[in-house]
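# Structural features, examined
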Amino acid sequence: QGKFTLLRDTGTDGSFLVHHFLSFYLRAGCKVCFVALLQSFSHYNIVAQKLGVSLTAARERGQLVFLEGLKSCLDLVFGEEEEQQSGQPSPLQFIRERASDLKALFDFVRTSLTPIGGDSWKGPVLLVDDLGVLLSLGATPVAVLDFIHYCRVAVCCQLKGNIVVLVHSGEDSEDEENELVVNSLCHHSDLILWVEGLATGFCKDVHGQIKIIRRVSLELMAEQDRVQIYQYKIQDRNVTFFARGLSAAVL
Amino acid sequence: VFTEEDKYGLYSNLLFKYFLAEGVVCGHHLFVASAKEHPDNILKELPAPLLDDAYRNELGEEVTAVKSEDFQDSMKIAWRYQNLPKMEASPTTSTKFGHYYDVSKTMSPELLQSLKWHSFYLPEELSLQPNVKTCNMNSAYTRLLQSLQRIIYQEGFDGSDPQKKQKNILRIGIQSLGSVLWGDDICSSDTPEDIHSLTKFLYVLRGLLRKSLSACIITVPAHLIQNKAIMERVTNLSDVVVGLESFIGSERETNPLYKDYHGLVHVHQIPRLNSLICDVSDTKDLAFRLKRKLFTIE
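Given the structure is predicted, the values throughout are model-derived calculations rather than measurements.

### Observations regarding the overall build of chain B
A tally of helices and strands in chain B yields eight helices and 11 strands. Within chain B, residue pairs in contact and separated by at least 24 positions form 74% of the contacts whose partners lie at least 6 positions apart.

Listed below in structure tokens is the structure:
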């Protein structure tokens, strides 16, 4: 509880981890606020169904609050002026304004996860896919880090919930703003799951490698972070993990 | 679908026209947007489709020539690769996906007659209305998005008109996005005024595509964009990203390894939609060549 997990991918697509955490927390009975910036609701729903969870049902029973970034943005850009002023500000309000912060987005998250009387969900969870999109839409790195900071205070500290965020990073990336955000988040994460493509290039049986970094050094001064490395292969309904060099294809 | 243009735009233009030509042959609606070439002219230059028997003959000649040559070469590389199947040079008859085109001929006007399409030629659009800016996005992009959204809504591609029985697909082609002609300075300046216009545009476009029955190809003169961070972000926001690198004027032109080809195809991103897995082909080193009639990727 109260943990911040960073999902990071380099040279490959780490979104399978997002699908995993989404179905994992829903199955565990947690209340989930999913800020889905890159894909449509139906994309996540179709995959979730393969993993045994129905997002539609979860949304209907109030367990899942789903922010479909693409749709919100369309409403913001093409919506009628009057509609916008009378109703609530869009969570993606910052796209319209220059030099703006992500307060509206934070308010959305906080309102979604603050328990209402009669709620029996176990612990709130904030899931974000993926944070870099905010930078592409004009948010400054400082605004993004502030947003995460406020979310940590509200979700991890006050509500004793968990946060899982996906970011992309590149070995030779020239996106300095993105690298700044990623490095800063790494320093403050309790757990980092870092997915990378294989150094030897594409392989049919091993899709990549995952580094699991438990940031023990955050809690205990003299302790070293614990790092474990596994390789993985993604299948239609499952992801298999195995020790390096021990993929079924090799054995 | 995002195509990084080759240096002189020759080959990316070809791919762009293939995409549109396929739309004509399949009876889709087209939306063609450009800031430099009038869409009417683009349509006039679409390649003519090769109809069933004709294409098999054309292909047959090309393919057999290739197969006998490289067969001997590839076996010498390493014993491990001996057992790998070669990449399919032509589709098998059972899976007919797409059509073939003869680039030495243009599409007949009869085929184009029954086509339903929309044109967006920036110089014309800008002269119609005063500049409009939304969400701090460049006005050309804003105008294009408004036009697209209007067509999608009015023609019911977003399912908003349940009355419409026949569902059709909208194929959108946007040429040379990001170039100076679109009013964007990311291709002409080291420190562009607004580095977010293009990515915001793509995000809104992505939203429009996701909620309608449409597909879009965009070509971008990526080699002109100084700020590489923009291309990284653009890649992240796209489903498919393909880069074309032509050999014209480069040292590769004289490399004997590439003597039969005109350039390389770099696949930077493939879609992973509605599934955990994606469709990765076994072959990752792709090159293209343009013969008199056919454009092939091997």
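### Let's talk about the overall build of chain A
Counting its regular elements, chain A contains 10 helices and nine strands. Its C-alpha atoms give chain A a radius of gyration of 19 Å, near enough to 18 Å, the size a compact globule of 251 residues would have. Across its three principal directions, the C-alpha atoms of chain A cover 65 × 40 × 40 Å. A total of 251 residues make up chain A; the buried ones form 51% of that total. Accessible surface, chain A: about 11900 Å² in total, of which carbon and sulfur atoms supply 52%. Of note, chain A has its 23 positive side-chain charges centred 10 Å away from the centre of its 30 negative side-chain charges.

### Concerning the nonpolar core
Ranked by size, the top nonpolar core spans 88 residues in total, and within it Leu131 of chain A together with Ile174, Trp182, Phe201 and Leu205 of chain B carry the most contacts. For Leu205 of chain B, the residues in contact, after removing those within four places along its chain, are Leu145, Leu148, Ile174, Cys216 and Ile218 of chain B. Listed in part, the 35 residues of the second largest apolar core include Leu22, Ala36, Phe66 and Ile212 of chain A.

### Examining the packing of helix H4 (residues 69-78) of chain A against helix H7 (residues 197-210) of chain B
Interhelical geometry of H4 of chain A versus H7 of chain B gives an angle of 110 degrees and a closest axis separation of 9 Å. Taken together, the axes of H4 of chain A and H7 of chain B are roughly perpendicular relative to one another. Taking contact as the criterion, the partners of Gly69, Leu70, Cys73, Leu74, Val77 and Phe78 of chain A in H4 of chain A are, on H7 of chain B, Tyr203, Val204, Arg206, Gly207, Leu208 and Arg210 of chain B. Residue composition of the contact of H4 of chain A with H7 of chain B, by class: eight nonpolar, two polar and two charged.

### Remarks on the interface of chain B and chain A
Facing the 33 residues of chain B at the interface are 43 residues of chain A. Between chain B and chain A the total buried area reaches about 3400 Å² when both faces are included, carbon and sulfur atoms providing 60% of it. At the junction of chain B and chain A, the tally comes to two salt bridges. The interface formed by chain B and chain A contains 13 residue pairs in polar contact (both at pLDDT 80 or more). Of all elements in the fold, only helix H6 (139-154), H7 and helix H8 (228-237) of chain B reach the threshold of two or more residues within the side of chain B that touches chain A. Classifying every residue of the side of chain B that touches chain A gives 11 nonpolar, 11 polar and 11 charged.

### Describing the packing of aromatic side chains
Centre-to-centre distance and the angle between the planes together describe a pair of aromatic rings. This structure, assessed with the given rule, holds 12 aromatic pairs over all chains. Of the aromatic side chains, those joined through ring pairs into one cluster are Phe34, Phe41, Tyr44 and Phe66 of chain A. A cation sits over an aromatic face here: Lys211 of chain A above Trp194 of chain A, 4.9 Å from the ring centre. It is Arg171 of chain B that lies over the ring of Phe19 of chain B; its NZ or CZ is 4.7 Å from the centre.

### Section: helix H9 (residues 176-187) of chain A
Residue and element names in this part refer to chain A. Its 12 residues place the ends of H9 17 Å apart at the C-alpha level, agreeing with the 16 Å of an ideal helix rising 1.5 Å per residue. Among all positions of H9, only Asn178, Glu179, Val181, Val182, Leu185 and Cys186 are buried. One side of H9 carries all its buried residues, which in axial view fall inside an arc of 160 degrees. Residues of H9 that are exposed and angled more than 90 degrees away from the buried face: Glu176 and His187. Buried residues belonging to H9 abut strand E1 (4-10), helix H7 (132-136), helix H8 (141-158), strand E5 (162-168) and strand E6 (191-196).

### A word on the sheet that holds strand E3 (residues 64-68) of chain A
All names here are of chain A. Read from one edge to the other, the open sheet built from nine strands follows the order E3-E2-E4-E5-E1-E6-E7-E8-E9, with strand pairing classed as mixed. Strands at the two margins of the open sheet, each flanked by one partner only, are E3 and strand E9 (239-242). Each strand axis lies, on average, 20 degrees off the axis of its neighbour in the sheet, ignoring direction. With six bridges connecting them, E6 and strand E7 (residues 208-214) associate as antiparallel partners.

Rules behind the numbers
- Per chain, residue numbering runs from 1 following the sequence as it is written.
- Here the convention is simple: chains get letters from A, ligands get numbers from 1, in the order in which they are written.
- Under the rules for a predicted model, residues below a pLDDT of 70 receive no local features and side-chain atom pairs below 80 are neither given nor counted, while totals for whole chains, interfaces and linings still include all residues.
- Water and hydrogen atoms were dropped before computing side-chain values, which therefore reflect all heavy atoms in the structure.
- Think of it this way: any DSSP run of H or I at least four residues long counts as a helix, any run of E at least two long counts as a strand, and we number them from the N terminus.
- Contact criterion: two residues are considered in contact whenever any of their non-hydrogen atoms come within 4.5 Å of each other.
- For the radius of gyration, the atoms used are the C-alpha atoms, and the globule rule reads 2.2 Å times the number of residues raised to 0.38.
- Per-residue accessibility, obtained with a 1.4 Å probe over protein chains only, is compared with the maximum for each type, and a residue is labelled buried under 20%, exposed over 50%, and partly exposed between these values.
- Each accessible area is a Shrake-Rupley estimate made with a 1.4 Å probe; only the visible protein chains count as cover when residues are assessed.
- Charge counting follows a simple rule: Lys and Arg are positive, Asp and Glu are negative, and His as well as the terminal groups are ignored.
- For this purpose, a charge sits on NZ of Lys, CZ of Arg, CG of Asp or CD of Glu.
- Among buried residues, those of type Ala, Val, Leu, Ile, Met, Phe, Trp, Tyr and Cys that are joined through side-chain atoms within 4.5 Å constitute a nonpolar core.
- Every axis corresponds to a line fitted to the C-alpha atoms, with the helix fit spanning only the stretch in contact, and the corresponding angles, defined between N-to-C directions, vary from 0 to 180 degrees.
- When describing relative orientation, an angle under 35 degrees is termed roughly parallel and one over 145 degrees roughly antiparallel, while 65 to 115 degrees is termed roughly perpendicular and anything else oblique.
- Gly is put with the polar residues, along with every residue not named as nonpolar or charged; the nonpolar set is Ala, Val, Leu, Ile, Met, Phe, Trp, Tyr, Cys and Pro, and the charged set is Asp, Glu, Lys and Arg.
- The term buried area means the drop in 1.4 Å probe accessible area that two parts suffer when joined, counted for both and summed.
- Put simply, a salt bridge is a Lys or Arg side-chain nitrogen that is within 4 Å of an Asp or Glu carboxyl oxygen.
- Definition of a polar contact: a pair of N or O atoms within 3.5 Å, with one able to donate and the other able to accept a hydrogen when the atoms are protein atoms, and with sequence-neighbouring residues admitted only if both atoms are side-chain atoms.
- Planes of paired rings set the category: under 30 degrees apart is stacked, over 60 is edge-to-face and the rest tilted, where pairs are Phe, Tyr or Trp rings (Trp by its six-membered ring) whose centres lie within 6.5 Å.
- In this scheme, the term charge over a ring applies when either NZ of a lysine or CZ of an arginine sits within 6 Å of the ring centre and within 35 degrees of the ring normal.
- One less than the residue count of a helix, multiplied by 1.5 Å, gives the span that helix is expected to have.
- In this context, the arc is that of the directions from the helix axis out to the C-beta atoms.
- Two strands form a pair only when DSSP identifies at least two bridges running between them.

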